[in-house]
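What the coordinates show
Each chain, letter by letter, is given below.
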Amino acid sequence: MTDAADSKEMQQLRARNAALEAEKAALQHKVDMLLHQLYGKKAERREDNHPQLPFPGDEPEPPAPPHVDEAEDEEFDTITYTRKKRGATRISKDLPRERVVLDLPEEDRKCPCCGDPMEQIGEEASERLDYTPAVVKVIETVRPKYACKKHEEAGVLTAEPPIHPIKKGMATAGLLSHVLVSKYKDHLPLYRQSRIFARHGAEIPESTMCDWVRQSADMLQPVVAAMRTSVLESDVVQTDDTPVLVIDRNHQQGRRRGFLWAYVGDRDEVVFDFTAGRSRAGPMAFLDEYCGVLQADAYAGYDQVFVSGDVDEAGCMAHARRKFVEAEAADPVNVGHVIAAMRKLYRVERQAKEQELDADARRELRQRESKPIMGAMGPWIRELHRSVLPKSPLGKATGYAVRQWEALYRFVDDGRVEIDNNRVERQMRTVAVGRKNWLFAGSDAGGTRAAIIYSLTRTCGLLGIEPWAYLKDVLQRIAEGDSAESLTPRLWLAARNVDES
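This structure is a prediction, so every number in the text was calculated from the model and none was measured.

Some remarks on the packing of helix H8 (residues 332-354) against helix H9 (residues 359-386)
At a closest axis distance of 10 Å, the pairing of H8 and H9 adopts a crossing angle of 170°. One finds that H8 runs roughly antiparallel with respect to H9. Listed contacts from H9 to Asn-334, His-337, Val-338, Ala-341, Met-342, Lys-344, Leu-345, Val-348, Glu-349, Gln-351 and Ala-352 of H8 are Arg-362, Leu-365, Arg-366, Glu-369, Ser-370, Ile-373, Met-374, Met-377, Trp-380, Ile-381 and Leu-384.

Shown next as structure tokens:
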């Protein structure tokens, strides 16, 4: 009886020891990941020197065409720049120009041989860039008054006052646009802008600029509402979210987390939405009555959106790959196989992009090249998942892939769907950079205003529009009574191109 009890106690001790070892490994992995985030390289790129994959039916890949480079396989796209000669080689034609002519005195323009005046045969021209600090100027509007000295009942006549975005306000559309772009594009908090204006001779309180932002956002809200309608008409919508701190005096810590959600359509438009929490109510409200494909990560809050059957789910290969990269140190061999397979998938995407294939042609290419890889990788990952601890880094990576496999596979059968969600993640970068500067939103209303301005400035970036010029024109035109629905960046650019042609 004693031997049996000792044996049972030994088994319990071994089981407890195994659990402690697993917990220790998990904690060590978290420490390693935190240290890597603090001091390590952020890029997830790996060398393409992996041997043949162990997947069943894996065939050696055909050689790539000479003009096709390795496919992108990082979380974010890498932009490759062609080396150019030093100096400013791109100067906008819209910049003001000052022509300075350095001519020889008349007495020096005589031929040293015969003494006759020499004739000009050409000129040498060079360009330099100069900079003048910002100039804040006062526009004084004078409206003469007219009255009849003989007939007082005729009253006093004067010209109509000019229309400005903020009635009785001191800011023009140009100044309002500058404040908005400086804060939400260039990440300058209002208190810094106030100091900059003071250096230029205009003391503008931070509270005044805060009122300007609020009033401008109220004017621009109908424009963003029209953009939302346009985004929801897309065949595919990509979405992601990121937290922002919100001041809340009723909260125990004086602040809490709000969330900005980005939705990118297939018309180069992105709309941000602010919510006080991260519940499913946010995406459900925004995507109400949407029919199409929603590409997102595995956040459970989107699940209710797919229940009706009107919205199909597409997964993000970059999210899945990131899980395996995080588990690489624990099992470099098996993780290397998965990353190498995903590299092949991204190589196909690079080929489709370089050949500028439409949706149908891209689907045909994926059916031919990507489908065999996905068909072999899926069962292999499922089998690997059964052999690893569920809470281990590799278990979490394989678990994510297994649960999301149907959504991850959708891009193979639908040429409209991207392989990953990186396009919308790139739109979230501006929020990540901005919140390091302005730190927090003053209220939920401030978060909503940020979402409105981010929607416009980021869409301008996607369409190649200079945001200051756009906002200045749109704010003035809305004040003058133009329809806000027709002033979205996409429609504004289209109208401008028609006028120029």
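After that view, the rundown keeps rolling.
So, the packing of aromatic side chains
Counted under the stated rule, the structure contains seven aromatic pairs. Relative to Tyr-302, the ring of Trp-261 has its centre 6.1 Å away and its plane inclined at 90°; by these criteria the two rings are edge-to-face. Taken together, the positions of Trp-261 in strand E4 (residues 255-264) and Tyr-302 in the loop between strand E6 (292-295) and helix H6 (303-306) put the pair 41 residues apart, joining distant regions of the chain. Residue Trp-261 is classed as buried on the basis of its relative accessible area, which comes to 0%. Looking at Tyr-302, the relative accessible area reads 1%, which means it is buried. Grouped by ring-pair contacts, the aromatic residues Tyr-184, Phe-272 and Tyr-454 constitute a single cluster.

Regarding the confidence of the model for the protein chain
Mean pLDDT over the protein chain stands at 85; residues scoring 70 or higher make up 86%. A low-confidence stretch, residues 56-79 stays under pLDDT 50, and its non-local contacts, those more than four residues away or across chains, total 45 contacts.

Side note on the sheet that holds strand E3 (residues 236-247)
Spatially, five strands are ordered E5-E4-E3-E6-E7 in an open sheet, and the strand pairing comes out mixed. Among the strands making up the open sheet, the edge pair consists of strand E5 (270-275) and strand E7 (311-314). Strand-to-strand twist of the sheet, defined as the mean angle between neighbouring strand axes without regard to direction, takes the value 30°. Alignment of E6 against E7, held across four bridges, turns out to be parallel. Of the residues in E7, the one forming a bridge with Leu-294 is Glu-313.

Remarks on helix H11 (residues 405-413)
Side chains of residues three or four places apart in an α-helix project in the same direction, reflecting 3.6 residues per turn. For H11, the full list of buried residues reads Trp-405, Ala-407, Leu-408, Tyr-409, Phe-411 and Val-412. For H11, the secondary structure elements touched by its buried residues are E7, helix H7 (317-326), H8, H9 and helix H10 (393-403).

Some points on the side chain of Arg-449
Tracing the backbone shows Arg-449 in helix H13 (residues 444-463). It turns out Arg-449 is buried and unbridged, and the closest side chain with the opposite charge, Asp-218, is 5.9 Å from it. Non-local contacts of Arg-449, meaning those with residues more than four positions away in its chain, are made with Val-213, Arg-214 and Ala-217.

A look at the pairing of E3
For E3, the tally of buried residues reaches nine of 12 residues, placing the bulk of the element in the interior. In this structure, E3 lies alongside E6, joined through three bridges in parallel fashion. Across the sheet, residue Val-236 finds its bridge partner in E6, namely Val-293. Pairing of E3 with E4 involves 10 bridges; the strand directions are antiparallel. Residue pairing across strands places Pro-243 opposite Phe-259, the latter belonging to E4.

A short note on the nonpolar core
Core analysis: the largest hydrophobic core is formed by 69 residues, its most contacted members being Trp-212, Leu-220 and Tyr-470. Ranked by residue count, the leading element in this core is helix H4 (residues 206-231), at 10 residues. Tyr-470 has contacts with Val-223, Leu-456, Cys-460, Ile-465, Leu-487, Thr-488, Pro-489 and Trp-492, leaving out every residue within four places of it along the chain. Judged by nonpolar contacts, the second largest core, of 35 residues, contains Ala-314, Val-325, Ala-341 and Ala-397.

Section: the side chain of Asp-241
Structurally, the position occupied by Asp-241 is in strand E3. Taking relative accessible area as the criterion, Asp-241 reaches 11% and is therefore assigned buried.

Overview of the pattern of salt bridges
Scanning the model with the defined rule gives 19 salt bridges in all. For Glu-425, the salt bridge is made with Arg-322, and the minimal N-O distance between the two is 3.5 Å. Taken together, the residues span a long stretch of sequence, with Glu-425 in helix H12 (residues 422-438) and Arg-322 in helix H7 at a distance of 103 residues. Among the residues examined, Glu-425 registers a relative accessible area of 7% and is labelled buried. Overall, Arg-322 belongs to the buried group, its relative accessible area being 16%.

Comments concerning unusual backbone geometry
Look at Asp-268: it is not a glycine, yet its phi comes out positive at around 60°. You will see that Glu-289, though not glycine, has its phi angle at about 70°, which is positive. Checked against the element boundaries, Glu-289 lands in the loop between helix H5 (281-286) and E6. By relative accessible area, Glu-289 is classed as exposed at 73%.

Considering H8
Look at H8: 32 Å from first C-alpha to last across 23 residues, which is about the 33 Å you get at 1.5 Å a residue. In terms of burial, H8 is a largely internal element, 18 of the 23 residues being buried. Of the residues one or two after H8, Glu-356 is the one with positive phi, at around 55°.

Regarding the layout of surface pockets
Counted as a void, the largest pocket has a volume near 1,600 Å³. Residue lining of the largest pocket: 31 residues in total, with Glu-98, Arg-99, Val-100, Val-101 and Ser-126 positioned closest to the centre. Looking at the lining of the largest pocket residue by residue, the class counts come to 13 nonpolar, five polar and 13 charged.

Basis of the calculations
Residues numbered from 1 in each chain as written. Predicted model: local features only at pLDDT ≥ 70, side-chain atom pairs only at ≥ 80, totals over all residues. Heavy atoms only, no water. Axes fitted to C-alpha atoms, helices over the stretch in contact; angles between N-to-C directions. Helix = DSSP H or I, 4+ residues; strand = E, 2+ residues; numbered from the N terminus. Parallel < 35°, antiparallel > 145°, perpendicular 65-115°, else oblique. Contact = heavy atoms within 4.5 Å. Phe/Tyr/Trp six-rings, centres within 6.5 Å; stacked < 30°, edge-to-face > 60°. Buried < 20%, exposed > 50% of the residue type's maximum accessible area, 1.4 Å probe, protein only. pLDDT = per-residue confidence, 0-100. Pairing = 2+ DSSP bridges. Lys, Arg positive; Asp, Glu negative; His and termini not counted. Salt bridge = Lys/Arg side-chain N within 4 Å of Asp/Glu carboxyl O. Core = buried A, V, L, I, M, F, W, Y, C linked by side-chain atoms within 4.5 Å. Expected span 1.5 Å × (residues − 1). 1 Å grid on protein atoms, 1.4 Å probe; cavity = no way out; pocket = protein on both sides within 12 Å on 5 of 7 lines; lining within 4 Å. Points joined across faces, edges and corners; volume = space filled by probe spheres on them. Nonpolar A, V, L, I, M, F, W, Y, C, P; charged D, E, K, R; others polar.

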